[in-house]
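# Structural features, examined
Below, each chain spelled out in residue letters.
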2 protein chains.
Amino acid sequence: MSDTAISQQDQVGQPGLRERKKRLLQEAIEQAALKLFLQRGYEQTSIQDIAETVMISPRTFFRYFPSKEEVLLGPTRTVMRAGLEHLRTLPKAQPEDEAARTALRSAVLHIAHLYQQQRYSFLLRYQIARQVPSVAAFYLYALLEAETAFCHLLQERVGGACEYSQLRLLVATHVAILRVALEQWLDGGAQGDLQALLLNYLEALH
Amino acid sequence: MSDTAISQQDQVGQPGLRERKKRLLQEAIEQAALKLFLQRGYEQTSIQDIAETVMISPRTFFRYFPSKEEVLLGPTRTVMRAGLEHLRTLPKAQPEDEAARTALRSAVLHIAHLYQQQRYSFLLRYQIARQVPSVAAFYLYALLEAETAFCHLLQERVGGACEYSQLRLLVATHVAILRVALEQWLDGGAQGDLQALLLNYLEALH
DNA sequence: TTGACTTTTGTCAGTTAGTGACATTATAAT
DNA sequence: ATTATAATGTCACTAACTGACAAAAGTCAA
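Residue numbering note: each chain is counted from 1, following its sequence as written. Note on labels: chains are lettered from A, ligands numbered from 1, in written order. For a predicted model such as this one, the threshold for reporting local features is a pLDDT of at least 70, and the threshold for listing and counting side-chain atom pairs is 80 or more; totals across whole chains, interfaces and linings nevertheless cover every residue. The basis for every side-chain value is the complete set of non-hydrogen atoms in the structure, without hydrogens or water.

## So, the overall build of chain A
Test applied: Helix and strand assignments follow DSSP, with helices taken as H or I runs no shorter than four residues and strands as E runs no shorter than two, numbered in order from the N terminus. Accessibility here uses a 1.4 Å probe with only protein chains present; expressed as a share of the type maximum, an area under 20% marks a residue as buried, one over 50% as exposed, and anything in between as partly exposed. A contact between two residues is defined here by any heavy atoms of the two lying within 4.5 Å. Values of accessible area rely on a 1.4 Å probe in the Shrake-Rupley scheme; residue burial ignores everything except the protein chains shown. Just so you know, the count uses Lys and Arg for positive and Asp and Glu for negative, and it drops His and the chain ends. Each charge is placed at NZ for Lys, CZ for Arg, CG for Asp and CD for Glu.
Of the regular secondary structure elements, chain A holds ten helices and zero strands. In terms of principal-axis extent, the alpha carbons of chain A reach across some 55 × 50 × 30 Å. Considering chain A as a whole, with its 206 residues, one finds that 48% of them fall into the buried category. Looking at chain A alone, contacts between residues at least 24 apart form 71% of all its contacts between residues at least 6 apart. When the accessible area of chain A is evaluated, it comes to approximately 11200 Å², of which 51% is carbon and sulfur surface. One finds the centroid of the 22 positive side-chain charges in chain A at a distance of 7 Å from the centroid of its 22 negative side-chain charges.

## Describing the nonpolar core
Note the threshold: In these notes, a set of buried Ala, Val, Leu, Ile, Met, Phe, Trp, Tyr and Cys residues joined through side-chain atoms within 4.5 Å is what counts as a nonpolar core.
In terms of nonpolar packing, the biggest core is built from 146 residues, with Y115(A) and Y115(B) touching the most fellow members. Once residues within four sequence positions are removed from consideration, Y115(B) is found in contact with T76(B), V79(B), M80(B), F122(B), Y139(B), L182(B), W185(B) and L194(B).

## Quick word on the relation of the copies chain A and chain B
Our working definition: Superposition of the copies was done by least squares, using only C-alpha atoms of residues whose pLDDT is at least 70 in both.
When chain A is fitted onto chain B, the two copies agree to an RMSD of 0.0 Å after a turn of 180 degrees and an axial shift of 0.0 Å. The transformation relating the two chain copies, once decomposed into turn and shift, fits a two-fold axis. Looking at the rotation axis and the C-alpha trace of chain A, the residue lying nearest is A137(A), at 2.4 Å. Looking at chain A, 100% of its interface residues are interface residues in chain B too, so the copies touch through the same face.

## Overview of helix α6 (residues 99–117) of chain B
Residue and element names in this part refer to chain B. For the record, the criterion: One less than the residue count of a helix, multiplied by 1.5 Å, gives the span that helix is expected to have.
The end-to-end C-alpha distance of α6, which contains 19 residues, comes to 27 Å, matching closely the 27 Å that a straight helix rising 1.5 Å per residue would cover. All of the buried residues along α6 are A99, A100, A103, L104, A107, V108, L109, I111, A112, L114, Y115 and Q116. Among the structural elements, α5 (68–88), α7 (119–129), α8 (133–158), α9 (164–187) and α10 (194–205) are those in contact with the buried residues of α6.

## Thoughts on the interface of chain A and chain B
Put simply, the rule reads: Throughout, the accessible surface (probe 1.4 Å) given up by two parts as they are put together, summed over both, is called the buried area. A pairing counts as a salt bridge when a side-chain nitrogen of Lys or Arg comes within 4 Å of a carboxyl oxygen of Asp or Glu. We call two N or O atoms a polar contact when they sit within 3.5 Å, provided that within protein one can donate a hydrogen and the other can accept it, with sequence-adjacent residues counted only if both atoms are side-chain atoms. Asp, Glu, Lys and Arg are counted as charged, while Ala, Val, Leu, Ile, Met, Phe, Trp, Tyr, Cys and Pro are counted as nonpolar; the rest, among them Gly, fall into the polar class.
Contacts between the two partners involve 24 residues from chain A and, on the opposite side, 24 residues from chain B. Taken over both partners, the interface formed by chain A and chain B buries close to 2100 Å², and the fraction arising from carbon and sulfur atoms is 70%. Counting the surface chain A buries against chain B, the share from its top three residues, L140(A), Y141(A) and L169(A), is 22%. Seen at the junction of chain A and chain B, the total is four salt bridges. Its salt-bridge partner being E183(B), residue R168(A) comes within 3.4 Å of it at the nearest N-O pair. Our count for the contact surface shared by chain A and chain B stands at four residue pairs in polar contact (both at pLDDT 80 or more). Counting residues per element, the ones that place at least two in the side of chain A that touches chain B are α8 (133–158), α9 (164–187) and α10 (194–205) of chain A. Partitioned by chemical class, the residues of the side of chain A that touches chain B number 16 nonpolar, four polar and four charged.

## Details of the side chain of H174(B)
Residues and elements named next belong to chain B. Along the chain, H174 falls in helix α9. Since its relative accessible area comes to 3%, H174 is described here as buried. Once residues within four sequence positions are removed from consideration, H174 is found in contact with R101, L104, R105, V108 and L202.

## Here we look at the pattern of salt bridges
Applying the stated rule across the entire model yields 20 salt bridges over all chains. Between R40(A) and D49(A) there is a salt bridge whose closest N-O contact spans 3.0 Å. Exposure remark for D49(A): the relative accessible area of 18% places this residue in the buried category. Across the salt bridge formed by R105(B) and E203(B), the nearest N and O atoms sit 2.8 Å from each other. You can see R105(B) sitting in helix α6 and its partner E203(B) sitting in helix α10, a full 98 residues away along the chain. A relative accessible area of 23% means that R105(B) is categorised as partly exposed.

## What to know about the domain arrangement of chain A
Residue and element names in this part refer to chain A. Under the convention used in this document: Note that the domain bounds reflect an automated or database-derived domain assignment.
Per the domain assignment, the segments of chain A are domain 1 (15–65) and domain 2 (67–205). Centre-to-centre, using C-alpha coordinates, domain 1 lies 28 Å away from domain 2. Listed per partner, the contact involves twelve residues of domain 1 and 14 residues of domain 2. When domain 1 packs against domain 2, close to 1200 Å² is buried across both sides, 74% of that on carbon and sulfur atoms. Area buried by domain 1 at its contact with domain 2 is led by L34, Y42 and F65, which between them contribute 51% of it. Counting every contact that joins domain 1 to domain 2 gives one salt bridge. Notably, a salt bridge pairs E30 with R125, separated by 2.5 Å at the nearest N-O pair. Sorting the residues of the side of domain 1 that touches domain 2 by element identifies α2 (16–40) and α4 (58–64) as the ones contributing at least two each. Split by residue class, the side of domain 1 that touches domain 2 holds nine nonpolar, one polar and two charged.

## Describing the confidence of the model for chain A
Definition in use: pLDDT runs from 0 to 100 and stands for how confident the predictor is about each residue.
Across chain A, the average pLDDT comes to 91, with 91% of residues at 70 or higher. Predicted confidence for residues 1–12 of chain A stays below pLDDT 50, and this span has four contacts to residues more than four positions away or in other chains.

## Considerations on the packing of aromatic side chains
All names here are of chain A. The condition that has to hold: Think of it this way: a Phe, Tyr or Trp ring, Trp meaning its six-membered ring, pairs with another when their centres are within 6.5 Å, and the plane angle makes it stacked under 30 degrees, edge-to-face over 60, tilted otherwise. Charge-over-ring placement is defined geometrically: NZ (Lys) or CZ (Arg) within 6 Å of the ring centre, and within 35 degrees of the ring normal.
Under the counting rule described, the total for this entry stands at eight aromatic pairs over all chains. Taking 5.2 Å as the distance between ring centres and 90 degrees as the angle between the ring planes, the aromatic pair formed by F61 and F62 counts as edge-to-face. A network of ring pairs unites the aromatic residues F61, F62 and F65 as a single cluster. In this arrangement the basic side chain of K68 is found over the ring face of Y42, its NZ or CZ atom lying 4.5 Å from the centre.

As structure tokens, then:
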């Protein structure tokens, strides 16, 4: 029962064996998958292959990841969600007019920052995923979801001060710029300063 | 043999029975699919359902359409290719600096024009496809392919006068704006003037 | 530690998209 | 009519998922 008393593990802050094993298995699945993707290629690796490597049933794989794409792009979605959260917890003390633009800029820069923090993970995933249509499509859809969420959030933020279509336009271009910056950065081996690159691109738009 | 002599049908300009039947069947498959999609929803309609309606084997369906998504989004891809072709056959008499921007603007406006010409077809497809993740992802991937093709084409066009990254940025933002304009237009029932809307959005970018 | 409770897992059966191979049928050309 | 060519159906197969249910493992209180 979770509503009668707090369990021992929760009191001490330890996650308990069950939780620990779950995290461990998730990690193991992800690592095994990435390894196989690198070795044989993404499309040449089946869920079956991954499951056998980690010695679980294919059914269990799907209890940890809703799809094969999610193994590769989970972190990307996480970073996008973090960008949204960053926007949500941003103080709204800006001048009316530029409020949305400034907030958006801050959010995409934060996303860039998170990418840089995990540059090797993202570089690896990018190198596996590039040229795989289903993964690219999944990725773009994740960006679209983020775009929509950004719009809704900003709309609450600025109230009715801005039309939705104008907001959407602003968000879409920002996400497009973020995507291009990411692409260039990753194509260059994730070596340079992504935030600087992104800022440069944002400026080029005026 | 196609290299010995031109066939009778080709001489007269008539496509021949085989070609006519093929076009007819493709049309029939597409119409049946759209009808079923509307009735039961996209995801509730299987290839099997479509095939039975047109009285063909599921295998034959795949000889006409490479995927279920393609039935819905084939026209979209066609329009994108037409936009590319428009760009390819555009006179390159513009001033160096603004050449790429002007050409791109012309291309996306041409795409908008084609959308308007088939507004009911696209509206129907949009209403079926909206909220279906796999279709949305497929659509975004088609836009990405177009984006890449635009970049390569423009790069040839302007020579080395522009860095690829700057070109990509330009194209990506234009495609994003086109996408938003399309979305707004379709959400409004494809009633207004898409080209005017798109021009307005392009101006808003400066 | 036992015993009840909950979560995780494997197994099984099923659906659906998509593909290759090959024989059969329909169209085309001579 | 005959031969070449292209379209179709059938069959067999892979691979990504999903629901249902029973077995196994983890949790917690007595």
